[in-house]
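As a plain string of letters, each chain reads:
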Amino acid sequence: EAGVVQSPRYKIIEKKQPVAFWCNPISGHNTLYWYLQNLGQGPELLIRYENEEAVDDSQLPKDRFSAERLKGVDSTLKIQPAELGDSAVYLCASSPGVSTEAFFGQGTRLTVV
Amino acid sequence: AQSVSQHNHHVILSEAASLELGCNYSYGGTVNLFWYVQYPGQHLQLLLKYFSGDPLVKGIKGFEAEFIKSEFSFNLRKPSVQWSDTAEYFCAVAGFQKLVFGTGTRLLVSP
């Protein structure tokens, strides 16, 4: 069974540029998460989807971050414009339902210069 | 709000030593508990989980964890570590529709 697939694995952009990350969750998983992980820290939730509905986006900086999950499958996370402090690893995870174990992708390491 | 505390940020052990990593959480309701591991260059993987029943749960690679409800703890243990256990370990708690992670413990096992 294929796991959670994220792309790209690495991205280097200049500040003020836009960037987008893509996630394909495990087939049949209704719950999709985007987490941010800074060096030496644990994953911090940005947004959680149940199917196509964003049910928890309280930690998403909405002035520059946006996300969508069309048709309740793939998801994209966008930053526009990127700032130096956005440099981090962006993790996507999916699960059969909330409160069950989440399966993580490899992450996208973003470097903003 | 839920929170998870991992008190050991860095742990260095020799092979065959015993391991215990602490995890405490704050949430008054029913929780599901997890330990994840992240080996160098790899993605987060589930080590073990607790939903209900026997509070002593066994996971992969000889790891186990004990849920002590009265202490709000879910400590990870392994009787004898190996060099290949070098990794970062994250405790996570799923409460009311939230999956929250601790800050992680970086374990280095020297051969």
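Right above here is the structure, for reference.
In this report, the structure presented in the accompanying data block is examined.

About the thresholds
- Residues numbered from 1 in each chain as written.
- Chains lettered and ligands numbered in written order.
- Predicted model: local features only at pLDDT ≥ 70, side-chain atom pairs only at ≥ 80, totals over all residues.
- Heavy atoms only, no water.
- Helix = DSSP H or I, 4+ residues; strand = E, 2+ residues; numbered from the N terminus.
- Rg over C-alpha atoms; globule rule 2.2 N^0.38 Å.
- Buried < 20%, exposed > 50% of the residue type's maximum accessible area, 1.4 Å probe, protein only.
- Contact = heavy atoms within 4.5 Å.
- Areas by Shrake-Rupley, 256 points an atom, 1.4 Å probe, with all protein chains shown as cover.
- Lys, Arg positive; Asp, Glu negative; His and termini not counted.
- Charge placed at Lys NZ, Arg CZ, Asp CG, Glu CD.
- Disulfide = S-S within 2.5 Å.
- Salt bridge = Lys/Arg side-chain N within 4 Å of Asp/Glu carboxyl O.
- Pairing = 2+ DSSP bridges.
- Axes fitted to C-alpha atoms, helices over the stretch in contact; angles between N-to-C directions.

Scanning chain B from N- to C-terminus turns up zero helices and 12 strands. Ordered by position in the sequence, the α and β elements of chain B form the string β-β-β-β-β-β-β-β-β-β-β-β. Computed over its C-alpha atoms, the radius of gyration of chain B comes to 13 Å, within 12% of the 13 Å expected for a compact globule of 111 residues. Judged by the C-alpha coordinates and their principal axes, chain B covers about 40 × 25 × 20 Å. Counting over 111 residues, chain B shows a buried share of 48%. Taking contacts inside chain B between residues at least 6 apart in sequence as the whole, the part at least 24 apart equals 54%. Counting only carbon and sulfur atoms, one obtains 55% of the accessible surface of chain B, whose full area is about 5,300 Å². Taking the 8 positively charged and 8 negatively charged side chains of chain B as two groups, their mean positions are separated by 8 Å.

Let's shift gears to the overall build of chain A. Looking only at helices and strands, chain A features zero helices and 11 strands. Taken from N to C terminus, the helices and strands of chain A fall in the order β-β-β-β-β-β-β-β-β-β-β. Here the C-alpha radius of gyration of chain A, 13 Å, is about what a compact globule of 113 residues would show, namely 13 Å. By its C-alpha atoms, chain A is 35 × 25 × 25 Å across when sized along the principal axes. Relative to its full complement of 113 residues, chain A shows a buried share of 47%.

Our next topic: the side chain of Asp86(A). With respect to the helices and strands, Asp86(A) occurs in the loop between β8 (75-79) and β9 (88-95). With residues up to four places along the chain from it excluded, the contact list for Asp86(A) reads Arg64(A), Phe65(A), Ile79(A), Pro81(A), Leu110(A) and Val112(A).

Overall, the coordinates contain two disulfides over all chains when judged by the stated rule. A sulfur-sulfur separation of 1.9 Å characterises the disulfide bridge that pairs Cys23(A) with Cys92(A). Between Cys23(A) and Cys92(A), the S-S dihedral sits near -70°, and the bridge is therefore left-handed. With Cys23(A) in strand β3 (residues 19-24) and Cys92(A) in strand β9, this residue pair connects regions lying 69 residues apart in the sequence. What makes Cys92(A) buried here is its relative accessible area of 0%. Covalently, Cys23(B) is tied to Cys91(B) through a disulfide, its sulfur atoms 1.9 Å apart.

Residues and elements named next belong to chain B. Counting across every chain of the model gives 11 salt bridges over all chains. Of the charged contacts, one joins Glu-66 and Arg-77 as a salt bridge, the two residues approaching to 3.2 Å between their closest N and O atoms. On the criterion of sequence distance, the pair formed by Glu-66 in strand β8 (residues 64-68) and Arg-77 in strand β9 (residues 73-78) is long-range, its members being 11 residues apart. Take Arg-77: its relative accessible area is 23%, and that puts it in the partly exposed class. Glu-88 is the salt-bridge partner of Arg-106, the closest N and O atoms lying 3.2 Å from each other. Within this pair, whereas Arg-106 is found in strand β12 (residues 105-110), its partner Glu-88 is found in strand β10 (residues 87-94), the two being separated by 18 residues in sequence. Accessibility expressed as a relative area gives 39% for Arg-106, which makes it partly exposed.

This part covers the sheet that holds strand β7 (residues 65-68) of chain A. All names here are of chain A. Pairing is antiparallel in the open sheet, where four strands are placed in the order β1-β3-β8-β7. Looking at the sheet topology across the chains shown, the edges are occupied by β1 (5-7) and β7. With strand direction ignored, the average angle separating the axes of adjacent strands in the sheet is 15°. Relative to β3, β1 is paired through three bridges, and the arrangement is antiparallel. Within β3, the residue paired with Val-5 across the bridge is Asn-24.

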